[in-house]
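Residue-level structural notes
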Amino acid sequence: MLKIRQLTVEVGGKEIIHRVNLTIKTGETEVLFGPNGSGKTTLLAAIMGLPKYQVTSGSITFRGKDITGLSLDERARLGIGMAFQRPPVVRGVKTQDMLTACFGKRRGKPDVIQLAREANLEDFLDRDVNYQFSGGEIKRSEMMQLLAQRPELVLLDEPGSGVDLVNIALIGRLINELLEKDCPILERRCMGLIITHSGDILNYVNARNGYVMVDGRIIGEGDPHEILKTIREVGYERCRKCAR
Amino acid sequence: MCPMKSNRDRARTASGKSAALGKDIDLADYTDSAEEPSALADPSRLSSRDKKQMLQVGITLDDRDDRSGTFIQLDNTPLCSSTSQPGIEVMAISQAREKYDWLADYWWQAVAVDADKYTARVELNRANGYFIRALPGYKTIYPVQSALYLSTPRLAQNVHNIVIAEEGSELHIINGCTTSLVGQSGLHLGVSEFYIKKGARVTFTMLHSWNPEIAVRPRSGAIVEEDGLFLSNYVLMKPVRSLQMNPITRCVGERATVRYNSVIAAAKGSSLDVGSRAVLDARGAKAEIISRAITTGGNITTRGYIAGNAPEVKGHLECRGLILNKGGMIYAIPELKGTLADIDLSHEAAVGKIAEEEIEYLMARGLTPAEATATIVRGFLKVDIEGLPPSLSTKLQQAIKASEKDIL
């Protein structure tokens, strides 16, 4: 289980997230909605532990352990993984070497060809990480890396943005595999938090609950499809007014 | 007029001429005389220490089955030369001069004898070195290996090499330069001339491993004829006091191609000024210069120069420098010169430290900061070299990998 309590996060000295509470149970997937600049990416980055995102108060507990003070790599090794929205290009590092690195010190060797086949990226293994990848290829590459990493808490930042209709179905399949959606909920080890702006990914991934974040605060939660319908009908402006 | 005499006269005139680039070296600090070892029929009889040192620069002496030929020069004396493949000649340059009168026509044609006092000294001291030649149409199955080994303190090792790839031939050479000296000074002056005839291909992979007291001044030039290819790779990963080189290739035949790749590292106290130049004088000639420079405290000037003087020539220069957080300086100087409209020359250069976001990205996959840095540095040093035989490519990567721990 992931428990976030009264979390406040600053970026460059400016408070972006204000006293946020959020819980994800093992086996479940939550969705985070919100307009641009509402703090969704900041929340994910703070859970992951990216150094630029400073937690100034509150706590993050993962599987009963307070991880608020842990470094980025310690959290990754504890089982937290994130698909970046705009990952950097890493020149010189081949995608297949990145997959091996993601696999970490687990026993055996990753079947990089099989992983690449699943993500339809077989021709990309010998290319530098993210170098001259299209938007959709980057998304698939991020999912492929997470499949090698096998995190128990999966953080996905806009996994469907910039992806065409054919590939969004593929991304959906990869997310479901990551989140062990084919297993009964009680047998799953994984949980997920997905940021989505358009909600397209919800056509492919089942999520139990949705949160709405506006101006760095969670202002509501409920059935993700209902939330999406409301946002489409009345927009975030109404939500923002409600928040005030 | 006797060209040899003319060369000597020109050398005498240049004997006090400082090099245009790099720190000036006082040649009076070095001696030319060293004990002359006797010829060695079997290089595997060298001491295990010497063999281990040579192995660092890709020279394998115990098992030479995957080499087409071997040449070893100890200080200023050729120790052995052999070839195991028909159509490939490997011998000391002194022996080649006696054997072939026509070699005088090549003497100092690709490098100017009066370029500076270092080239002059090589001529005036009648330097020895290797002569490697592929006869027309012959292709090396395995690379020829040549070792230039410096073992006498304060010695100036003077070397003059000539490589000729006759029409339609293919020659792969691995050239390792190293020393047995520890904490003692020395000077390596190496002149290398390459003549690549019509449709011939030469790959030349030079690995250097010196010590922090050695100064190095290679002087190389190549002339590439129609449809010829010259692929030159250079790796220096170990500390050296001072290195300056700026080899030049002139593509004089249509569609002649030159590619330079270099990977250099400068530890604290090392001063490196390393460049590559290509002059494209014939229609459709091509040049590519790719350099990777990394400093852990030393100073590096990395140069690249491509001149386009004929229609439809193409050139690209890529210069990347990485400063690890231990000081040091990298000065990248990419230069392009065009004299016609119908040419395509480009360059990209970048110097800096490793981007934090790249380290964090790898850390988000579970790597520690040190592992993430090492992965990125390793990737930075990995240069994919098109056209290099797999055995040489492996040797090159092994040499780089073996030095990683010194850098990180």
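For the structure given in this document, a descriptive report is provided here.

The rules we used
- Residues numbered from 1 in each chain as written.
- Chains lettered and ligands numbered in written order.
- Predicted model: local features only at pLDDT ≥ 70, side-chain atom pairs only at ≥ 80, totals over all residues.
- Helix = DSSP H or I, 4+ residues; strand = E, 2+ residues; numbered from the N terminus.
- Rg over C-alpha atoms; globule rule 2.2 N^0.38 Å.
- Buried ≥ 20, exposed ≤ 12 C-beta atoms within 10 Å, placed from the backbone.
- Contact = placed C-beta atoms within 7 Å.
- Nonpolar A, V, L, I, M, F, W, Y, C, P; charged D, E, K, R; others polar.
- Pairing = 2+ DSSP bridges.
- Axes fitted to C-alpha atoms, helices over the stretch in contact; angles between N-to-C directions.
- Core = buried A, V, L, I, M, F, W, Y, C linked by C-beta atoms within 7 Å.
- Parallel < 35°, antiparallel > 145°, perpendicular 65-115°, else oblique.
- Left-handed = near helix turned anticlockwise from the far one by under 90°.

Bringing the overall build of chain B into the picture now. Within chain B, the regular secondary structure consists of eight helices and 20 strands. For 408 residues, the compact-globule formula gives about 22 Å, and the C-alpha radius of gyration of chain B, at 21 Å, lands near that figure. Dimensions along the principal axes, computed over C-alpha positions, put chain B at roughly 65 × 55 × 45 Å. Residue burial in chain B is summarised as follows: out of 408 residues, 56% are buried.

What follows is about the interface of chain A and chain B. Taken together, the contact between chain A and chain B spans 20 residues of the former and 18 residues of the latter. The set of elements that each furnish at least two residues to the side of chain A that touches chain B consists of helix 2 (72-78), strand 7 (90-94), helix 3 (95-103) and helix 5 (135-149) of chain A. Of the residues assigned to the side of chain A that touches chain B, the class counts are 13 nonpolar, four polar and three charged.

Residues and elements named next belong to chain A. Taking strand neighbours across the sheet as the criterion, the six strands line up as 6-9-10-3-11-12 in an open arrangement whose pairing is mixed. Every interior strand has two partners, whereas the edge strands, strand 6 (80-83) and strand 12 (217-222), have only one. This sheet shows a mean twist of 20° between the axes of neighbouring strands, independent of strand direction. Where strand 3 (residues 29-33) meets strand 10 (residues 191-195), four bridges bridge the pair, whose relative direction is parallel. Pairing of Val31 across the sheet is with Ile194, part of strand 10. Each of strand 3, strand 6, strand 9 (153-157), strand 10 and strand 11 (209-214) is contacted by helix 1 (residues 40-48), which is oriented at about 150° to strand 9, the strand it contacts most.

Now for the nonpolar core. Grouped burial of nonpolar side chains is what soluble globular proteins tend to show. Among the nonpolar cores identified, the biggest contains 197 residues, and A:Met48, A:Leu155, B:Ile196 and B:Cys251 are the most heavily contacted of them. Excluding anything up to four places from it in sequence, B:Ile196 contacts B:Ala165, B:Val202, B:Ala222, B:Ile223, B:Val224, B:Glu225, B:Gly228 and B:Phe230.

On to the pairing of strand 1 (residues 2-11) of chain A. Residue and element names in this part refer to chain A. The pairing of strand 1 with strand 4 (residues 53-62) spans eight bridges and is classified as antiparallel. Paired with Val11 across the bridge in strand 4 is Tyr53. Where strand 1 meets strand 2 (residues 14-24), seven bridges bridge the pair, whose relative direction is antiparallel. Opposite Leu7, over in strand 2, you have Val20 as the bridge partner.

To continue, consider the packing of helix 5 of chain A against helix 6 (residues 165-178) of chain A. Residue and element names in this part refer to chain A. Where helix 5 meets helix 6, the closest approach of the two axes is 10 Å, and the angle between their N-to-C directions is 15°. In terms of their interaxial angle, helix 5 and helix 6 are classed as roughly parallel. Crossing geometry of helix 5 relative to helix 6 is assigned as left-handed. Residues Gly136, Lys139, Arg140, Met143, Leu146 and Leu147 of helix 5 lie in contact with helix 6, whose contacting residues are Asn167, Leu170, Ile171, Leu174, Ile175, Glu177 and Leu178.

Further remarks concern helix 4 (residues 117-124) of chain B. Residues and elements named next belong to chain B. By the criterion of burial, helix 4 is predominantly enclosed, with seven of the eight residues buried. Those residues of helix 4 lying buried are Lys117, Tyr118, Thr119, Ala120, Arg121, Val122 and Glu123. The first or second residue beyond helix 4 is Arg126, which carries a positive phi of 50°.

Let's shift gears to the environment of A:Gly235. Checked against the element boundaries, A:Gly235 lands in helix 7 (residues 224-243). Residues A:Gly235 and A:Gly34 lie 201 residues apart in sequence; the distance between their C-alpha atoms is 10.0 Å.

Moving on, we get to the pairing of strand 20 (residues 343-352) of chain B. Residues and elements named next belong to chain B. Taking burial as the measure, the 10 residues of strand 20 include one buried ones, a minor fraction of the element. Pairing geometry for strand 18 (residues 313-323) and strand 20, over 10 bridges, is parallel. Paired with His316 across the bridge in strand 20 is Ser346.

This part is about the sheet that holds strand 11 (residues 229-236) of chain B. Residue and element names in this part refer to chain B. Spatially, 10 strands are ordered 2-1-5-7-9-11-14-16-18-20 in an open sheet, and the strand pairing comes out mixed. Each of the sheet's edge strands pairs with one partner strand only, and the pair in question is strand 2 (77-83) and strand 20. Averaged over neighbouring strand pairs, the angle between their axes works out to 5° when direction is ignored. Judged from the six bridges that link them, strand 1 (residues 69-74) and strand 2 form a sheet pairing that is antiparallel.

This part takes up unusual backbone geometry. Of note, A:Arg63 is a non-glycine position whose phi angle comes to about 50°, a positive value. Position of A:Arg63 among the secondary structure elements: in the loop between strand 4 and strand 5 (65-66). Judged by C-beta crowding, with 16 C-beta atoms within 10 Å, A:Arg63 ranks as partly exposed. The phi dihedral of B:Arg255 is positive, around 60°, even though this residue is not glycine. With respect to the element layout, B:Arg255 can be found in the loop between strand 13 (248-251) and strand 14 (257-266).

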